[in-house]
Amino acid sequence: MKLNFFSNADRASKYVAKNIAECISINNSRNERTVLGLATGNTPIQVYNELISYYKQGLSFVNVITFNLDEYYPMNASRKESYHTYMDEHFFDHVDVPRENIHIPNGTLPGDMVKEYCNEYENKIREVGGIDIQLLGIGRTGHIGFNEPNSTKDSKTRLVYLDKKTCEDAAKDFNGIDNVPKMAITMGISTILSAKKIYLLSFGSRKAEITKECLFGEVTSDRPASFLQGEEAVEIVLDEKAGMLIHRNKNKLT
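Residues numbered from 1 in each chain as written. Predicted model: local features only at pLDDT ≥ 70, side-chain atom pairs only at ≥ 80, totals over all residues. Heavy atoms only, no water.

Q: Can you lay out the side chain of Glu71 for me, pointing to particular residues and giving the numbers?
A: Mapped onto the elements of the fold, Glu71 is located in strand β4 (residues 70–73). With no salt bridge to any partner, buried Glu71 finds its closest opposite charge in Arg79, at an N-O distance of 8.9 Å. At a separation of 2.9 Å, a polar atom in the side chain of Glu71 contacts the side chain of His84. Setting aside anything within four residues of it in sequence, one finds Glu71 in contact with Ser82, Tyr83, His84, Pro105, Gly107, Ala184 and Ile185. (Helix = DSSP H or I, 4+ residues; strand = E, 2+ residues; numbered from the N terminus. Buried < 20%, exposed > 50% of the residue type's maximum accessible area, 1.4 Å probe, protein only. Lys, Arg positive; Asp, Glu negative; His and termini not counted. Salt bridge = Lys/Arg side-chain N within 4 Å of Asp/Glu carboxyl O. Polar contact = N/O pair within 3.5 Å; in protein donor to acceptor, adjacent residues only side chain to side chain. Contact = heavy atoms within 4.5 Å.)

Q: Give a detailed account of the pattern of salt bridges, specifying residues and quantitative values.
A: Evaluated as defined, the whole model comprises 13 salt bridges. Here Lys14 and Asp10 are joined by a salt bridge, their closest N and O atoms 3.4 Å apart. In this pair, Lys14 and Asp10 are both assigned in helix α1 (residues 9–29), 4 residues apart and thus about one turn of the helix distant. A salt bridge links Glu168 to Arg140; its shortest N-O distance comes to 3.5 Å. Of the two residues, Glu168 is situated in helix α5 (residues 164–170) and Arg140 in the loop between β6 (133–136) and β7 (158–161); the sequence distance between them amounts to 28 residues. Classification of Glu168 as partly exposed rests on a relative accessible area of 36%. Judged by relative accessible area, Arg140 falls into the partly exposed class, the value being 29%. Each member of the salt-bridge network shares a partner with another, and the members are Arg140, Glu168, Asp169 and Arg206.

Q: Go over the sheet that holds strand β3 (residues 64–68) with me, naming the residues and quoting the values.
A: With respect to topology, 7 strands assemble into an open sheet ordered β1-β10-β9-β6-β2-β3-β5, the strand pairing being parallel. Sheet topology places β1 (2–6) and β5 (102–103) at the edges, where each strand pairs with a single neighbour. In the sheet, strand β2 (residues 34–38) pairs with β3 via 5 bridges, with the strands oriented parallel. Across the sheet, residue Gly37 finds its bridge partner in β3, namely Phe67. (Pairing = 2+ DSSP bridges.)

Q: I'd like a rundown of the sheet that holds strand β8 (residues 183–186), residues and numbers included.
A: Spatially, β4-β8-β7 is the arrangement adopted by the 3 strands of the open sheet, whose pairing is antiparallel. This sheet does not close on itself; its edge strands, each paired only once, are β4 and β7. Averaged over neighbouring strand pairs, the angle between their axes works out to 30 degrees when direction is ignored. Where β7 lies against β8, 4 bridges are found, and the strand directions are antiparallel. From the neighbouring strand, Val160 faces β8, where its bridge partner is Ala184. Lying over the sheet, helix α4 (residues 114–127) contacts β4, β7 and β8, oriented at roughly 120 degrees with respect to β7. (Axes fitted to C-alpha atoms, helices over the stretch in contact; angles between N-to-C directions.)

Structural data, given as structure tokens:
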């Protein structure tokens, strides 16, 4: 697990976007596809902005396949609060990823179809050879995706209940906590850890305590992001505020 400190979120985001763009460019030159695992929320927005800039400079996303981490349940894709809408607004409407290459969990399925759908989501990831680069944020509960406390390391894509803190954080987007869906479909922790490269982004002082606990505390299902510890594929990308409680050792602030 590698730690990388930056003076601010903008520089951190540019670093991650540059690495993603380079991976896509190399694969494009070999006529190979690039499979991205994508996150939502405030944290990755600047990464998407930077990738859009690369597209405008000539980088093609035609060979890119994407899998999003999660979606609220129930949730219609056309709603402004949906992650389908988020991804279109912040990324997909601005680059040339083919629509058939975009995969975001379906929040409109009848309950008796969800389990089979989740298994199919896992199968689709395996069929394309797995995820090359996975973007992650971290929630106040230590969740990655919507893997809330008590999620296990071997968990797969599934329907989960959201933690009260997670609902509180989403309340502003839904005009009150009573309107926040209580469930979500999320990739599991084992699904996330199977990615060839994982970037966990943590920005801002509100994330400092939980980031330190997850990265240097006990590895426990009470803090799902702690399962990233010891994983060679994982790179933790922090701005100065999120990393203020972590001793930098040899890791330099960029």
